[in-house]
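Secondary and tertiary structure notes
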Amino acid sequence: MSERTYRSARWFAKQDKDGFIHRSWVGRGLPEGIFDGRPIIGICNTWSDLTPCNAHFRQLAEHVKRGVWEAGGLPFEFPVMSTGETSLRPTAMLLRNLVSMDVEESIRGNPIDGVVLLCGCDKTTPSLIMGAASCDVPALVVSGGPMLNGKFRGRDLGSGTDVWRYSEAVKAGTMSQQEFMQAESCMSRSTGTCNVMGTASTMAIVVDALGLGLPHNAEIPAVDSRRYALAHLAGRRIVELTQQDIRLSQILTRAAFENAIRLNGAVGGSTNAVIHLLAIAGRVGVPLTLKDWDDLGRDVPTLVDLMPSGRYLMEDFYYAGGLPAVMRSLVEHGLLHGDAPTVNGRTIGENCADAPNWNEDVIRPFDRPLVRSGGIAVLRGNLASSGAVIKPSAASPHLMRHRGPAVVFENIEDYHARIADPALEVDVSSVLVLKNCGPKGYPGMAEVGNMGLPPKILNQGVTDMVRISDARMSGTAYGTAVLHVSPEAAAGGPLAVVQTGDIIELDVPARRLQLMIDDAEMARRLAAWKPPAPVVPPGGYASLYIEHVQQASEGADLDFLVGCRGHAVGRESH
């Protein structure tokens, strides 16, 4: 029996009718006396047949349970809504905040003393961390891991990245439709998340950078037996964290968020990490802004040569030494807080002190980076007064300074209807502008794939153009894309009044995004602007979301969810 009294004792320690009810109902199949004061460990599971990235989570949960039992805890698995990125409409991002509410209320309302969060597909990671952080209980994350490398005609296939590349090749006539279809079954060869440095892998790396995962949690492949051994160890460790009352707020410090920003730059991580980290920080009350992303990440070299910025895949990254090797390089060059705590009881610096790098083609030496200044660049100007982001490591160097005429698409339907039209007035200097895909406008802030180029441009051998939107883009995508423009078009931001033919100036080194019209013309257009008609029926969660969602520059959380509400036990249920 534990020496501590846990919150679950408010359910199970009572010797009255309420205690009888709780023990009898919850303890079915368990031996008498099992509720002896030991910690109750929740296993928050996002398994779903509709989320193939997380298809192995039932087995993963069983390994967590083994560790919990071994360490003297009592495990209870519980489900929360699972957001499958590729199938969920209109976008999984619409439901990130709803899932965080599910997690928060499930933890607070149940007899849970500590929790293991099983995360995989893109939004499952931030949503579970956000929900747990708003309760501030002992918690750690077990990520699902990436799928195996795709294989097609003697070469590796990157999930997502090569879909966009092959799709453009079909449009350009350099790949047949039959070849495109043949690649389909070759890409996803196992369960697990995208095997490129997309949003899921990025967020798994963010987990470890924040100190919330055991070493190598981010990169062990989903079907590797070592993934299950890690889950077993996590089960043991969560019991110790609960016994020691080490809560999320003690791990999620300002230093942890700074480490996450810098590691995102070093691995060439997704721009989606910006929104998710801002939202997580808001839940624990750590000040974090877009400016921090630029200030902290600007001079971080990208060391990991992974798609979409580079050549290799997550399986290769693990075999090369994984995230600890990257951490060691940054610690040795003064770019990480080596004294930041982690859930395994050691600091970031201690965890990576002896980490080897087995393949310097995959994990580059510090003095031979893939990109000398990686990170996420934050742009401002009259087109994005609250900011916009671009990922320099995935952009074309010759477009980092560019000036050209806008070709405007008012919404995603307009884009799909006209992008392939031979009559579209566009040339290689044009800037593609996509509106009304932000948090309020889509709603949910859509992922616009790779926002493909017009076939008439692809047929000229051109593979990249400047693209600007208030949308997000898949972390698997690549190209010179300016995203998360804030304020968004549907909120009446300047993006709403851009017209085809307007000249736009992009200057990434100067962090500038400017619509080349004068202030008087901008004011005239904004005064005449009218919001677009709603695209969802009134009522329901979508209406609540539209009314309360913050802008991308703040993390796109719901305003009433920001902050930590703790884990106080509520009134008795009977």
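We now turn to the structure provided with this report. Bear in mind that the values here come from a model prediction, so they are computed numbers and not experimental data.

1. So, the overall build of the chain
Tallying secondary structure elements over the chain gives 20 helices and 14 strands in all. The C-alpha atoms of the chain give a radius of gyration of 24 Å, which matches the 25 Å a tight globule of 574 residues would have. The long-range fraction of contacts in the chain, counting pairs at least 24 apart against all pairs at least 6 apart in sequence, stands at 77%. Working note: accessible area of the chain is about 21600 Å², and carbon and sulfur atoms make up 53% of it. Looking at the chain, you have 54 positive and 62 negative side-chain charges, and the mean spots of the two groups are 1 Å apart.

2. Thoughts on the nonpolar core
Core analysis: the biggest nonpolar cluster contains 118 residues, and Leu212, Phe257 and Val326 have the highest contact counts within it. With residues up to four places along the chain from it excluded, the contact list for Leu212 reads Ile129, Leu140, Val141, Val207, Leu248, Ile251, Leu252 and Val343. Of all hydrophobic cores here, the second largest spans 29 residues; its members include Val433, Val482, Val497 and Met522.

3. Comments concerning the sheet that holds strand S3 (residues 114-119)
The strand order S2-S1-S3-S4 describes an open sheet built from four strands, whose pairing is parallel. Edge positions in the sheet fall to strand S2 (74-79) and strand S4 (139-143), since each has one partner strand and no second. Between one strand and the next, the sheet's axes are offset by a mean angle of 20°, whatever the strand orientation.

4. A closer look at the pattern of salt bridges
Taken as a whole, this structure holds 41 salt bridges when the rule is applied. We note a salt bridge from Glu168 to Lys171, for which the minimum N-O separation is 3.2 Å. Of this pair, Glu168 and Lys171 both sit in helix H6 (residues 161-172), three residues apart, which is roughly one turn of that helix. On the basis of relative accessibility, which here comes to 11%, the residue Glu168 falls in the buried class.

5. Here we look at the pairing of strand S11 (residues 466-469)
Regular strands have side chains that alternate between both faces of the sheet. Both faces of S11 are covered, namely the face carrying Val466 and Ile468 and the face carrying Arg467 and Ser469. Of the pairings in the sheet, the one linking strand S10 (residues 431-434) to S11 comprises four bridges and is parallel in character. Across the sheet, the residue bridging to Leu432 is Arg467, located in S11. Alignment of S11 against strand S12 (residues 481-486), held across two bridges, turns out to be parallel. In the sheet register, Arg467 faces S12, and the bridge partner there is Ala481.

6. Description of the packing of aromatic side chains
All chains considered together, the criterion is met by five aromatic pairs. A cation over a ring is seen here: Arg58 above Trp47, with NZ or CZ 3.7 Å from the ring centre.

7. Thoughts on the environment of Tyr319
Within the element layout of this structure, Tyr319 appears in helix H14 (residues 314-320). Of the residues examined, Tyr319 reaches a relative accessible area of 44% and is grouped as partly exposed. Distance from Tyr319 to Ile220, taken between C-alpha atoms, is 8.7 Å for residues 99 residues apart in sequence. With sequence-adjacent residues up to four places away left out, Tyr319 is seen in contact with Pro221, Arg226 and Trp358.

8. Observations regarding unusual backbone geometry
Most peptide bonds adopt trans geometry, and most residues besides glycine take a negative phi value. The amide bond that connects Arg89 to the next residue, Pro90, takes the cis arrangement and shows omega of 0°. Mapped onto the elements, Pro90 comes out in the loop between S2 and helix H4 (93-109). The residue after Met307, namely Pro308, is reached through a cis peptide bond having omega 10°. Its location among the elements puts Pro308 in the loop between helix H13 (290-297) and H14. One non-glycine residue, Asp136, adopts positive backbone phi at about 55°. Here Asp136 is to be found in the loop between helix H5 (124-133) and S4. With phi around 75°, His216 is a residue other than glycine that occupies positive phi space. Within the fold, His216 resides in the loop between helix H8 (199-210) and helix H9 (225-243). Using a relative accessible area of 25% as the deciding quantity, one classes His216 as partly exposed.

9. Here we look at a nonpolar patch on the surface
A cluster of nonpolar side chains, contributed by Phe20, Trp25 and Val26, occupies part of the molecular surface with about 340 Å² of accessible area. Counting through the fold element by element, Trp25 comes out in helix H2 (residues 17-26). For Trp25, a relative accessible area of 52% translates into the label exposed.

10. So, the side chain of Asp502
With respect to the helices, strands and loops of the structure, Asp502 is situated in the loop between S12 and strand S13 (503-507). Asp502 gets classed as buried once you look at its relative accessible area, which sits at 10%.

11. A short note on the packing of H5 against helix H12 (residues 272-284)
Contact geometry for H5 and H12: axes closest at 8 Å, N-to-C directions at 10°. By the angle class used here, H5 and H12 are roughly parallel. Where H5 abuts H12, its residues Pro126, Ile129, Met130, Gly131 and Ala133 lie against His276, Ala279, Ile280, Arg283 and Val284. Among the residues forming the contact of H5 with H12, the class breakdown is seven nonpolar, two polar and one charged.

Each value, and the rule that gives it
Residues numbered from 1 in each chain as written. Predicted model: local features only at pLDDT ≥ 70, side-chain atom pairs only at ≥ 80, totals over all residues. Heavy atoms only, no water. Helix = DSSP H or I, 4+ residues; strand = E, 2+ residues; numbered from the N terminus. Rg over C-alpha atoms; globule rule 2.2 N^0.38 Å. Contact = heavy atoms within 4.5 Å. Areas by Shrake-Rupley, 256 points an atom, 1.4 Å probe, with all protein chains shown as cover. Lys, Arg positive; Asp, Glu negative; His and termini not counted. Charge placed at Lys NZ, Arg CZ, Asp CG, Glu CD. Core = buried A, V, L, I, M, F, W, Y, C linked by side-chain atoms within 4.5 Å. Buried < 20%, exposed > 50% of the residue type's maximum accessible area, 1.4 Å probe, protein only. Pairing = 2+ DSSP bridges. Axes fitted to C-alpha atoms, helices over the stretch in contact; angles between N-to-C directions. Salt bridge = Lys/Arg side-chain N within 4 Å of Asp/Glu carboxyl O. Phe/Tyr/Trp six-rings, centres within 6.5 Å; stacked < 30°, edge-to-face > 60°. Lys NZ or Arg CZ within 6 Å of the ring centre and 35° of its normal. Patch = residues over 30% accessible without salt bridge, like charges linked within 9 Å, V, L, I, M, F, W, Y side chains within 5 Å. Parallel < 35°, antiparallel > 145°, perpendicular 65-115°, else oblique. Nonpolar A, V, L, I, M, F, W, Y, C, P; charged D, E, K, R; others polar.

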